[in-house]
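Remarks on the overall topology
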Amino acid sequence: MKKNNSEFLTVAIEAALQAGDLLRKGFGTSFEISSKPGRHNLVTHYDKAAEACIFSCLIKKFPSHGFIGEEQGESKQGDVTWIVDPLDGTVNFAHGIPLFAVSIAAVVEGQVTAACIFQPMTQELFFAEKGKGAFLNGTPLKVTINTSLDEAILATGFPYNVHEDPLHCVETFSKMTRKGVPIRRLGSAAIDLSYVAAGRFDVYWEVSLQPWDFAGGMLLVEEAGGKISQYDGSPCDPFKASTILATNGILHPVMQKEIR
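Below or above, wherever it landed, is the structure these notes cover.

Scoring rules and cut-offs
Residues numbered from 1 in each chain as written. Predicted model: local features only at pLDDT ≥ 70, side-chain atom pairs only at ≥ 80, totals over all residues. Heavy atoms only, no water. Axes fitted to C-alpha atoms, helices over the stretch in contact; angles between N-to-C directions. Helix = DSSP H or I, 4+ residues; strand = E, 2+ residues; numbered from the N terminus. Parallel < 35°, antiparallel > 145°, perpendicular 65-115°, else oblique. Left-handed = near helix turned anticlockwise from the far one by under 90°. Contact = heavy atoms within 4.5 Å. Nonpolar A, V, L, I, M, F, W, Y, C, P; charged D, E, K, R; others polar. Buried < 20%, exposed > 50% of the residue type's maximum accessible area, 1.4 Å probe, protein only. Pairing = 2+ DSSP bridges. Phe/Tyr/Trp six-rings, centres within 6.5 Å; stacked < 30°, edge-to-face > 60°. Lys NZ or Arg CZ within 6 Å of the ring centre and 35° of its normal. Salt bridge = Lys/Arg side-chain N within 4 Å of Asp/Glu carboxyl O.

1. Concerning the packing of helix H1 (residues 5–26) against helix H2 (residues 45–61)
- Remark: H1 packs on H2, axes separated minimally by 9 Å, with the N-to-C direction vectors making an angle of 155 degrees. In terms of orientation, H1 and H2 fall into the roughly antiparallel class. Remark: the crossing between H1 and H2 carries right-handed chirality. Along its contact with H1, which presents Glu 7, Val 11, Glu 14, Ala 15, Gln 18, Ala 19, Leu 22, Leu 23 and Gly 26, the element H2 presents Tyr 46, Ala 49, Ala 50, Cys 53, Ile 54, Cys 57, Leu 58 and Lys 61.
- Looking at the contact of H1 with H2 residue by residue, the classes come out as twelve nonpolar, two polar and three charged.

2. A closer look at the pairing of strand S6 (residues 101–108)
- Among the eight residues of S6, eight are classified as buried, and the element is accordingly described as predominantly covered.
- Burial along S6 is two-sided: the residues Ala 101, Ser 103, Ala 105 and Val 107 and Val 102, Ile 104, Ala 106 and Val 108 are all buried.
- In terms of strand pairing, strand S5 (residues 80–88) meets S6 through seven bridges, oriented antiparallel. Across the sheet, the residue bridging to Val 84 is Ile 104, located in S6.
- Pairing of S6 with strand S7 (residues 111–119), which is carried by seven bridges, proceeds in the antiparallel orientation.

3. So, the packing of aromatic side chains
- Summed over the entire model, instances satisfying the criterion amount to twelve aromatic pairs.
- With a centroid separation of 5.7 Å and 20 degrees between ring planes, the pair formed by Phe 62 and Trp 82 is classed as stacked. Residue Phe 62 is found in the loop between H2 and strand S3 (66–69), and its partner Trp 82 is found in strand S5; the two are separated by 20 residues along the sequence. Comparing Phe 62 with Trp 82, the two get one shared label, buried.
- Taken together through their ring pairs, the aromatic side chains of Phe 27, Tyr 46, Phe 93 and Phe 100 make up a single cluster.
- Over the ring of Tyr 195 we find Arg 200, and its NZ or CZ is 4.6 Å from the ring centre.

4. Concerning the pattern of salt bridges
- Across all of its chains, the model carries seven salt bridges by this definition.
- Between Arg 24 and Asp 21 there is a salt bridge; the shortest N-O distance is 2.6 Å. Placement of both Arg 24 and Asp 21 in helix H1 is noted, with a separation of three residues, approximately one turn of the helix.
- Exposure remark for Asp 21: the relative accessible area of 28% places this residue in the partly exposed category.
- We note a salt bridge from Glu 258 to Lys 175, for which the minimum N-O separation is 3.6 Å. One end of the pair, Glu 258, is in helix H7 (residues 252–259); the other, Lys 175, is in helix H4 (residues 169–178), and 83 residues separate them in sequence.
- Taking relative accessible area as the criterion, Lys 175 reaches 33% and is therefore assigned partly exposed.
- Salt bridges linked by common partners bring Asp 21, Arg 24 and Lys 25 together as one network.

Set out below in C-alpha cells:
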C-alpha cells in the first residue's frame with residue numbers, strides 16, 4: 001500500500017485544529033478533574049473529549065490504521081499507526097495556565113513520517129513531513145547554531161515520580177542550574193520539542209517520556225536540523241517509553257556528558 005505522508009499531515013492538522021478549538025473554548029471553564037497513577041498525573045473531561053474528536057477525524061479518513069492515545073490506549077494495529085496526545089500539559093490546563101498542546105504523529109514502519117503540534121492559546125501550529133522540513137504556521141523552522149552551552153537556553157521536565165529521583169534527574173537539574181544558564185520548565189514535552197525545532201531552546205532533556213509525549217516533536221526536531229536521541233545516544237523508538245535528549249545537534253555530545 002502506498003503511503004501518502006502529505007495526506008496524513010493534512011488530516012492530522014485538521015484533527016489538531018478541531019481538538020485545539022475544543023480545548024481553547026474549555027480553558028478556564030468549570031470541569032471535572034480526576035487523577036491517574038502518579039502525583040499530579042491529572043486527566044480532565046477535555047483530555048477525553050479532545051482525544052475522541054481526534055480519533056473520530058482520523059478513523060473516518062483512515063479506518064484501517066492503528067491508533068495509540070494517551071487516554072484510550074492502543075485500539076488496534078495497522079500499516080500506519082497514529083500516536084496521539086490530545087492534551088499535553090494537562091496540569092497546566094487544569095490550573096488555568098495557558099501552556100498546553102495537541103500532538104499527533106503518523107508512524108509508518110517504525111518511523112514518524114508526518115506530525116503536527118498545535119498550541120490552541122497562541123494559535124501556533126508546528127508541523128513536519130519526513131524529508132520536507134518543519135514549519136510554524138507555514139514558516140520554515142531551523143534549530144540554533146549555538147556552539148556554547150554557556151550561551152544556551154535549556155528546557156527540561158520531570159516525571160510524575162520525581163520524588164524517587166529516577167536516573168538522578170534531580171541531581172542533574174541541580175548541576176545544570178549551578179552552571180548559571182537559563183533553564184525553562186514549561187510542563188509540556190510537545191511544546192518543549194517544538195521550541196527546540198523553532199530555535200527558541202537550544203536543548204531539551206527529560207528522564208522519562210511516553211510515546212505520545214515525544215513522537216510528534218521528534219520529527220519536528222529532526223526536520224528542523226536538530227538531533228534527538230535517548231540519553232545514551234541510541235535512537236528513540238516511537239512505540240516505547242524513553243529518556244529524551246533533543247538539541248541543535250552541535251550541543252548533543254556536550255549534553256550527553258552532562259546528563260550521564
